[in-house]
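# Examining the three-dimensional arrangement
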Amino acid sequence: AYDSTIPELDLGGGLELTDMRLGLPDGSWVAMQGNVDLEGTSLEPVVRGGLHIDAGLLRIPEPPPSLLPTGGDALLWDEARFDSLAIAVDDSLAATAADTAASAQLARTILPDLTFNVTCPGRLWLRGQGLDVELAGDLVLRLKGGKPTIEGELEAEQGTMRQLGHVFRLERGRIVFYADESTLDPELDLQLGVRVNDYQVRIIIAGTATEPTLDFE
């Protein structure tokens, strides 16, 4: 039931977003522009919009200093990279879920119907733990009934990864979101390779953002 203290008002209007830049404490940032249209009522707002990402940088958290070796080869460092990435992403998603739950409790009578179409033609870089990849693609962000979803695919346009003393270059790559209401965890499919003497060595990154796998072939 709706809270009777909140008046039900008709909504209507729109906003044009220009030269907008969002930044995070870890150094990640996104520059964008777009439009937002608002309709519906104050109790059931409907928000529609489109965002165009001009450029951006998404940082992958580095492993904690305790994982760094005090001497010798950085074997533990190499093995710990993707375990720490999984932990960092998992903690980030958990914190986001907690914030979302708190906001939903605070405004439990208001459930906006939100849809944003996001276009990224490139210049969005995923960087950290040796990985440096440019992403491009289209996503649809939705919030309905208090449940957020992301649907779409980001293609890896170019990039490298530094591992085992070599620079692996991108051969293929994509990050796929499946509009799953139970999780915002995308599927990973990245392949990078390097020529070492007479052998072609490849790194294959699969799994999901919270549970990535790293294989060599």
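Here's a quick rundown of the structure. (Residues numbered from 1 in each chain as written. Predicted model: local features only at pLDDT ≥ 70, side-chain atom pairs only at ≥ 80, totals over all residues. Heavy atoms only, no water.)

This next bit is on the sheet that holds strand 2 (residues 29-40). Pairing is mixed across the open sheet formed by ten strands, whose spatial order is 1-2-3-4-5-6-7-8-9-10. Looking at which strands have only one partner, the edges of the open sheet turn out to be strand 1 (13-23) and strand 10 (212-216). Here the strands of the sheet are splayed against their neighbours by 10 degrees on average, with no regard to which way each runs. Relative to strand 7 (residues 166-178), strand 6 (residues 147-163) runs antiparallel, the two being bridged by nine bridges. Residue pairing for strand 7: threonine 160 is matched across the bridge by arginine 169. (Pairing = 2+ DSSP bridges. Helix = DSSP H or I, 4+ residues; strand = E, 2+ residues; numbered from the N terminus. Axes fitted to C-alpha atoms, helices over the stretch in contact; angles between N-to-C directions.)

Turning our eyes to something else, we now look at the pattern of salt bridges. Side-chain pairs of opposite charge can arise whenever the charged atoms involved come near each other. Here the structure, examined in full by the defined rule, presents eight salt bridges. The closest approach of N and O atoms between arginine 48 and aspartate 113, which form a salt bridge, is 3.3 Å. Of this pair, arginine 48 sits in strand 3 (residues 45-59) while aspartate 113 sits in strand 4 (residues 113-128), and the two are 65 residues apart along the sequence. Ionic pairing is found between glutamate 171 and arginine 202, a salt bridge with its closest N-O pair at 2.7 Å. (Salt bridge = Lys/Arg side-chain N within 4 Å of Asp/Glu carboxyl O.)

Here we take up unusual backbone geometry. At alanine 179, a residue that is not glycine, the phi angle is positive and equals roughly 55 degrees. Relative to the assigned elements, alanine 179 resides in the loop between strand 7 and strand 8 (187-196). Even without being glycine, asparagine 197 reaches a positive phi, approximately 55 degrees. Topologically, asparagine 197 is positioned in the loop between strand 8 and strand 9 (199-207). The class for asparagine 197 is exposed, based on a relative accessible area of 69%. (Buried < 20%, exposed > 50% of the residue type's maximum accessible area, 1.4 Å probe, protein only.)

With that out of the way, let us pick up the packing of aromatic side chains. Centre-to-centre distance and the angle between the planes together describe a pair of aromatic rings. For the structure on display, the rule yields one aromatic pair. With a centroid separation of 6.5 Å and 65 degrees between ring planes, the pair formed by phenylalanine 168 and phenylalanine 216 is classed as edge-to-face. On the criterion of sequence distance, the pair formed by phenylalanine 168 in strand 7 and phenylalanine 216 in strand 10 is long-range, its members being 48 residues apart. Residue classification places phenylalanine 216 among the partly exposed positions, given a relative accessible area of 42%. Arginine 21 extends its terminal NZ or CZ atom over the ring of tryptophan 29, reaching a point 4.1 Å from the ring centre. (Phe/Tyr/Trp six-rings, centres within 6.5 Å; stacked < 30°, edge-to-face > 60°. Lys NZ or Arg CZ within 6 Å of the ring centre and 35° of its normal.)

As for its position among the elements, aspartate 10 is in the segment before strand 1. Residues aspartate 10 and glutamate 39, 29 residues apart in the sequence, show an inter-C-alpha distance of 7.3 Å. Among residues more than four places away in sequence, those in contact with aspartate 10 are Gly40 and Thr41. (Contact = heavy atoms within 4.5 Å.)

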